[in-house]
Amino acid sequence: QLQLVESGGGLVQPGGSLTLSCVTSGFTLDYYHILWFRQAPGKEREGVSCSSSFGDTTVYADSVKGRFTISRDNAQNTVYLQMNSLKPEDTAVYYCAGVHLTVQSMCVMTSGPWEEYAYWGQGTQVTVSS
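What comes next is a walk through the structure. (Residues numbered from 1 in each chain as written. Predicted model: local features only at pLDDT ≥ 70, side-chain atom pairs only at ≥ 80, totals over all residues. Heavy atoms only, no water.)

**Considering the packing of aromatic side chains**
To keep things clear, this is the line we draw: Working definition: rings of Phe, Tyr and Trp (its six-membered ring) pair if their centres are within 6.5 Å, and the pair is stacked with planes under 30 degrees apart, edge-to-face with planes over 60 apart, and tilted otherwise. Secondary structure elements follow DSSP: runs of H or I no shorter than four residues count as helices, runs of E no shorter than two count as strands, and numbering proceeds from the N terminus. Residue exposure (1.4 Å probe, protein chains only): buried if accessible area is under 20% of the type maximum, exposed if over 50%, otherwise partly exposed. Working rule: Lys NZ or Arg CZ, within 6 Å of ring centre, within 35 degrees of ring normal, means a charge sits over the ring.
Tallied over the full model, the rule gives five aromatic pairs. Taking the centre distance of 6.4 Å and the plane angle of 25° together, the rings of Phe27 and Tyr119 count as stacked. Taken together, the residues Phe27 in the loop between β3 (18–25) and β4 (32–39) and Tyr119 in strand β10 (residues 119–120) connect sequence positions 92 residues apart. Accessibility expressed as a relative area gives 33% for Tyr119, which makes it partly exposed. Plain terms: the ring middles of Tyr31 and Phe54 are 5.4 Å apart, the flat faces sit at 75° to each other, and that makes the pair edge-to-face. Within this pair, whereas Tyr31 is found in the loop between β3 and β4, its partner Phe54 is found in the loop between β5 (46–51) and β6 (58–60), the two being separated by 23 residues in sequence. The class for Tyr31 is partly exposed, based on a relative accessible area of 41%. The class for Phe54 is partly exposed, based on a relative accessible area of 42%. Following the ring pairs from residue to residue traces out a cluster consisting of Phe27, Tyr32 and Tyr119. Over the face of the ring belonging to Phe37 we find Arg45, whose NZ or CZ atom lies 5.0 Å from the ring centre.

What follows is the structure in structure tokens.
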């Protein structure tokens, strides 16, 4: 069974940092794009970042460029999201998702048919507040 488990969320003051982890099981991470999404109450789900299969490329939303860094350790089946200079508007539940490279040849964070073939974690809460 394919699973993804997020961890590392919590309460942090503006300007602080957090590192989120997405541990996968049941599949070989090398062949999957891993995406981070976030959703705040009353807001649309927003694509944050993506690490392509084999870690060849990375993609970031404009709202987090220069502040967030996505990385992966395929041997440990884990993808990380380093979050620096956090802002209150970063407050949300953060989810990771896995998409096989045969579904999409590259990282795509916009809505589309690929979502039907994605595997999702349960999410971890990030709250940025003073």
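Now, onward.
**Some words on the state of the cysteines**
The condition is simple: Here, the term disulfide refers to a pair of cysteine sulfur atoms separated by no more than 2.5 Å.
Overall, the coordinates contain two disulfides when judged by the stated rule. Between the sulfur atoms of Cys22 and its disulfide partner Cys96 the distance amounts to 2.1 Å. Around the S-S axis, the bridge from Cys22 to Cys96 shows a dihedral of about 75° and counts as right-handed. Separated by 74 residues along the polypeptide, Cys22 in strand β3 and Cys96 in strand β9 (residues 92–100) bring together distant segments of the chain.

**Quick notes on the environment of Val108**
Note the following rule: Should any heavy atoms of two residues lie within 4.5 Å, those residues are counted as being in contact.
Here Val108 shows up in the loop between β9 and β10. Separated by 72 residues in the primary sequence, Val108 and Trp36 place their C-alpha atoms 11 Å from one another. When residues no more than four places from it in sequence are discounted, the contact partners of Val108 are Leu35 and Trp114.

**Remarks on the pattern of salt bridges**
Quick reminder of the rule: The term salt bridge refers to a pairing of a side-chain nitrogen on Lys or Arg with a carboxyl oxygen on Asp or Glu at a separation within 4 Å.
Across all of its chains, the model carries five salt bridges by this definition. With its nearest N and O atoms 2.9 Å apart, the salt bridge here joins Glu46 to Arg38. A relative accessible area of 6% means that Arg38 is categorised as buried. One salt bridge in this structure joins Asp90 and Arg38, with 2.9 Å as the shortest N-O distance. In this pair, Asp90 is assigned in the loop between β8 (78–83) and β9 and Arg38 in strand β4, connecting sequence segments 52 residues apart. Here the salt bridges do not stand alone but share partners, grouping Arg38, Glu46, Arg67 and Asp90 into one network.

**Quick look at the side chain of Ser53**
Relative to the assigned elements, Ser53 resides in the loop between β5 and β6. Not counting residues up to four positions away in its chain, the partners in contact with Ser53 are Asp30, Tyr31, Tyr32, His33, Arg72 and Leu101.

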